[in-house]
Amino acid sequence: MSKFTVINHPLIQHKLRILRDKNTSTKDFRDLVNEIAMLMAYEVSRDMQLEDVEIDTPVAHATVKQLTGKKVAVVPILRAGLGMVDGVVKLIPAARIGHIGMYRDEKTLEPHEYFIKLPEDIEKREVIVVDPMLATGGSAKDAIAALKKRGAKYIKLMVLVAAPEGVKAVQAADPDVDIYAAAALDDHLNQNGYIVPGLGDAGDRLFGTK
């Protein structure tokens, strides 16, 4: 079974409270998504491998640490996942960025893939899939399946808010993919497939389309 981690740092909890508020403006919502993603990336990258290197400081010769091992790819699920990319890349500037386009059928709630573009060496990279919402889990499962089909082996899923139904669905389908959420596991999905209490439609709130 994959690991489900709630990153409950006080700064994340505070920023998520503002994010959930229906009165938060589009600009502030967009800024907060980036800020929370950056704070989360600090924890999601905690297990990155290090190696010893020799350098000269202005004072003395020293043995210090630097990153080694797998390179990183950040893959947002379009369109809402785009709002999290800059926050992650601020901490991991060398990361390559892929894109997976999904839309949800409003009647069946089923996701449909319409676009995918990934780094050529995706099979060698640690992939961080980003999407603000993990609701039914359908989009996340399909995105992970699309990545695995193209050779990705090292995948993490990073979301802002998650419903128990979505976490369970992804863990059942992909027990090798760890899931990270900000601050809390939300209560449930309503009859329209929205997370409760959630934060509404993340894409619409990010891009001001509703």
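Not measured: the values here are computed from a predicted model.

J.: Got a minute to help me understand the overall build of the protein in this structure?
T.: From N to C terminus, the protein includes six helices and 14 strands. Against the 2.2 N^0.38 benchmark of 17 Å for 210 residues, the protein shows a C-alpha radius of gyration of 18 Å, consistent with a compact globule. Seen through its principal axes, the protein has C-alpha atoms that stretch 65 × 40 × 30 Å. A burial count over the protein gives 46% of its 210 residues as buried. On the protein, roughly 11,000 Å² of surface is accessible, and the fraction owed to carbon and sulfur atoms is 52%. In the protein, 28 positive and 29 negative side-chain charges are present, and the distance between their average locations comes to 2 Å.

J.: Looking at this model, I keep getting lost on the packing of helix H2 (residues 26-44) against helix H3 (residues 82-91). Mind explaining?
T.: A packed helix pair is summarised by two numbers, namely the angle formed by the two axes and the spacing between the axes. At a minimum axis distance of 7 Å, the contact between H2 and H3 shows a crossing angle of 45 degrees. One finds that H2 runs oblique with respect to H3. Read as a crossing pair, H2 and H3 show a hand that is right-handed. Between H2 and H3, the residues in contact are Val33, Asn34, Ala37, Met38, Ala41 and Tyr42 and Gly83, Met84, Asp86, Gly87, Val88, Lys90 and Leu91, respectively. Looking at side-chain class alone, the contact of H2 with H3 contains eight nonpolar, three polar and two charged residues.

J.: Can you help me understand unusual backbone geometry in this one?
T.: Most peptide bonds take the trans form, and the phi angle of most residues other than glycine is negative. Cis geometry marks the peptide bond from Leu78 to Arg79, where omega comes out at 5 degrees. Its location among the elements puts Arg79 in the loop between strand E4 (72-78) and H3. Cis geometry is found at the peptide bond from Val196 to Pro197, where omega equals 0 degrees. We note that Ala183 has phi near 75 degrees; this positive angle belongs to a residue other than glycine. Along the chain, the position of Ala183 falls in the loop between strand E12 (178-182) and strand E13 (188-189).

Cut-off values and rules
Numbers given to residues run from 1 along each chain, matching the order in which its sequence is written. The predicted origin of the model limits local features to residues at a pLDDT of at least 70 and limits the giving and counting of side-chain atom pairs to 80 or more, whereas totals for whole chains, interfaces and linings rest on all residues. Calculated side-chain values reflect all of the structure's heavy atoms, with hydrogen atoms and water omitted. Secondary structure counts use DSSP, requiring at least four H or I residues in a row for a helix and at least two E residues in a row for a strand, with both numbered from the N terminus. C-alpha atoms define the radius of gyration, and 2.2 Å times the number of residues to the power 0.38 defines the globule rule. Classification of residues uses two cut-offs on accessible area relative to the type maximum, computed with a 1.4 Å probe and protein chains only: under 20% is buried, over 50% is exposed, and between them is partly exposed. The Shrake-Rupley method, run with a 1.4 Å probe, gives the accessible areas here. Residue values count only the displayed protein chains as cover. Just so you know, the count uses Lys and Arg for positive and Asp and Glu for negative, and it drops His and the chain ends. A charge is said to be at NZ when it belongs to Lys, at CZ for Arg, at CG for Asp and at CD for Glu. Only the stretch in contact is used when a helix axis is fitted, and all axes are lines through C-alpha atoms; the angle between N-to-C directions ranges over 0 to 180 degrees. Should an angle fall under 35 degrees it is taken as roughly parallel, and over 145 as roughly antiparallel, whereas 65 to 115 is taken as roughly perpendicular and any remaining angle as oblique. Should the near helix be turned counterclockwise from the far one by less than a right angle, the crossing is left-handed, whereas a clockwise turn marks it as right-handed. Residues are treated as being in contact if the distance between any of their heavy atoms lies within 4.5 Å. Residues were grouped as follows: Ala, Val, Leu, Ile, Met, Phe, Trp, Tyr, Cys and Pro as nonpolar; Asp, Glu, Lys and Arg as charged; and all remaining residues, including Gly, as polar.

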